Amino acid sequence: MDMILIAIIGVTALISYKGFSDYDFFRKYELHIGRIRAGEQIRMITSGFLHLDFMHLLFNMITLYFFAPYVIRFIGDIYFLYVYFGSMITGSLLTLYLHKDDYSYRAIGASGAVMGVIYASILLDVDQQMLFYGFIPGYIFGIGYLFYSIYGIKAKRDNIGHTAHFGGAIGGYLITLMREPSLFETNTKIIVLLMVPIAILFYMNKANKL
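Everything in this summary refers to the structure shown in the same document.

1. A short note on the overall build of the protein
- Per the secondary structure count, the protein includes ten helices and four strands.
- Listing each helix as α and each strand as β along the protein from the N terminus yields α-α-β-α-α-α-β-α-β-β-α-α-α-α.
- The C-alpha radius of gyration of the protein comes to 16 Å, within 12% of the 17 Å expected for a compact globule of 210 residues.
- Expressed along its principal axes, the backbone C-alpha trace of the protein runs to roughly 45 × 45 × 30 Å.
- Counting all 210 residues of the protein, 50% fall into the buried class.
- Counting contacts in the protein only where the partners sit at least 6 residues apart, residues at least 24 apart contribute 78% of the total.
- Surface accessibility of the protein: about 10200 Å² in total, with carbon and sulfur atoms responsible for 66%.
- Taking the average place of the 16 positive charges on the side chains of the protein and the average place of its 14 negative ones, the gap between the two points comes to 9 Å.

2. As for empty space enclosed by the protein
- If you walk through the whole model with that rule in mind, you get one cavity of 30 Å³ or more.
- Each pocket or cavity is described by its volume, and for the largest cavity that value is around 120 Å³.
- Lining the largest cavity are 17 residues, and of these S47, G48, S92, G109 and A164 lie nearest its centre.
- Sorting the residues of the lining of the largest cavity by element identifies helix 5 (54-98) and helix 6 (111-124) as the ones contributing at least two each.

3. Considerations on the nonpolar core
- Counting residues in each nonpolar core, the largest one holds 47 residues, and the members touching the most others are L64, F80, Y84 and V117.
- Secondary-structure elements contributing two or more residues to this core are helix 1 (3-21), helix 5, helix 6, helix 7 (138-155), helix 8 (162-179) and helix 10 (188-206).
- Among all residues touching V117, those that are not within four sequence positions of it are L64, F67, A68, V71, F80, V83 and Y84.
- Ranked by size, the runner-up nonpolar core spans six residues in total, among them L31, I36, M44 and Y105.

4. Re helix 7
- Here helix 7 contains 18 residues, and its C-alpha end-to-end distance of 26 Å stays within 8% of the 26 Å for a straight helix at 1.5 Å per residue.
- Among all positions of helix 7, only G138, F141, G142, I143, Y145, L146, S149, I150, G152 and I153 are buried.

5. Section: the packing of aromatic side chains
- Within the structure shown, the criterion is met by seven aromatic pairs.
- Taking the centre distance of 6.2 Å and the plane angle of 35 degrees together, the rings of F80 and Y84 count as tilted. Remark: Y84 and F80 occur in helix 5; sequence separation between them is four residues, near one turn of the helix.
- Judged by its relative accessible area of 0%, F80 falls in the buried class.
- Between the aromatic rings of Y84 and F85, the centroid separation amounts to 5.3 Å while the plane-to-plane angle is 80 degrees, which identifies the pairing as edge-to-face.
- Y84 sits in the buried class, given a relative accessible area of 0%.

6. What to know about a nonpolar patch on the surface
- Taken together, the side chains of Y17, F20, F54, M55 and L58 present a nonpolar region at the surface, about 550 Å² in accessible area.
- For the nonpolar patch, the element with the highest residue contribution is helix 5, accounting for three residues.
- Position of Y17 relative to the elements: it lies in helix 1.
- Residue Y17 is classed as exposed on the basis of its relative accessible area, which comes to 60%.

About the thresholds
Residue positions within a chain follow its written sequence, with the count starting from 1. It should be noted that, the model being predicted, local features are given only for residues of pLDDT at least 70 and side-chain atom pairs only at 80 or more, the latter also being counted only at that level, while totals for whole chains, interfaces and linings use all residues. The basis for the side-chain values is all heavy atoms of the structure; hydrogens and waters are excluded. Here a helix means four or more residues in a row that DSSP labels H or I, a strand means two or more in a row labelled E, and each is numbered from the N terminus. The globule rule used for comparison is 2.2 Å times the number of residues to the exponent 0.38, while the radius of gyration itself is calculated over C-alpha atoms. The classification of residues rests on relative accessible area computed with a 1.4 Å probe and restricted to protein chains. Under 20% of the type maximum is buried, over 50% is exposed, and intermediate values are partly exposed. Contacts between residues were defined by any pair of non-hydrogen atoms, one from each residue, lying within 4.5 Å. Here the Shrake-Rupley method, with its probe set to 1.4 Å, supplies the accessible areas, and only the displayed protein chains count as covering residues. The charge count treats Lys and Arg as positive and Asp and Glu as negative. His and the chain ends do not count. To locate a charge, the coordinates of NZ of Lys, CZ of Arg, CG of Asp or CD of Glu are taken. Residues are said to line a cavity or pocket when one of their atoms sits within 4 Å of a point; the points come from a 1 Å grid over protein atoms alone, cavities being sets where a 1.4 Å probe fits but cannot get out and pockets being open sets with protein on both sides within 12 Å along at least five of seven lines. Grid points are joined across faces, edges and corners, and a volume is the space filled by probe spheres set on the points. By nonpolar core is meant a set of buried Ala, Val, Leu, Ile, Met, Phe, Trp, Tyr and Cys residues that side-chain atoms within 4.5 Å join together. Multiplying 1.5 Å by the helix residue count minus one yields the expected span of that helix. When the centres of two rings from Phe, Tyr and Trp lie within 6.5 Å, Trp using its six-membered ring, the rings pair. Their planes under 30 degrees apart give stacked, over 60 give edge-to-face, and anything left gives tilted. Each patch is built from residues lacking any salt bridge and having more than 30% relative accessible area; the joining distance is 9 Å for like charges and 5 Å for nonpolar side chains (Val, Leu, Ile, Met, Phe, Trp, Tyr). Salt-bridge detection follows one rule: a side-chain nitrogen of Lys or Arg within 4 Å of a carboxyl oxygen of Asp or Glu.

Shown next, in the form of structure tokens:
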């Protein structure tokens, strides 16, 4: 496994584990709209290293483990880091935008960064198969994950950063297309298809259906 990927998984696991047992630590570094608007922008990054529980952490890290190698193989370690942390930031920015008036809104999780990696990997290798998920094509999983996220946003039953999934997807999408503009010619259909759930989210937000 690539050392950069090992480092990200390891650091995320350690910080998340600390947050599981240290309530003050968890609250200090989670994404909290009120505290961010008061000047604590660092939470937009630190929240990406916290998770709700072990299963939340495991799901995100296993998903990253399966998708990240496609991105690293095609565009290298440096651009993988751009995708990962760029998607983490765009996930937090979209969360801040959509929930800017809800000062009590809280969220945690690497889901935005992971979703960006998923979208990048699908664009770079649309024919990939994920054996862990039962031979489901990557683009089906990615799009399905975003539709599940719409449900999570509407249900509001947890403080997992469902909104960040979309921001992360947008980040991974844009960073990858800027790095590989030839994809506009070779993968035009998948580029359009991946935009569908994102467009639906913005329509629902504008129509006050979230």
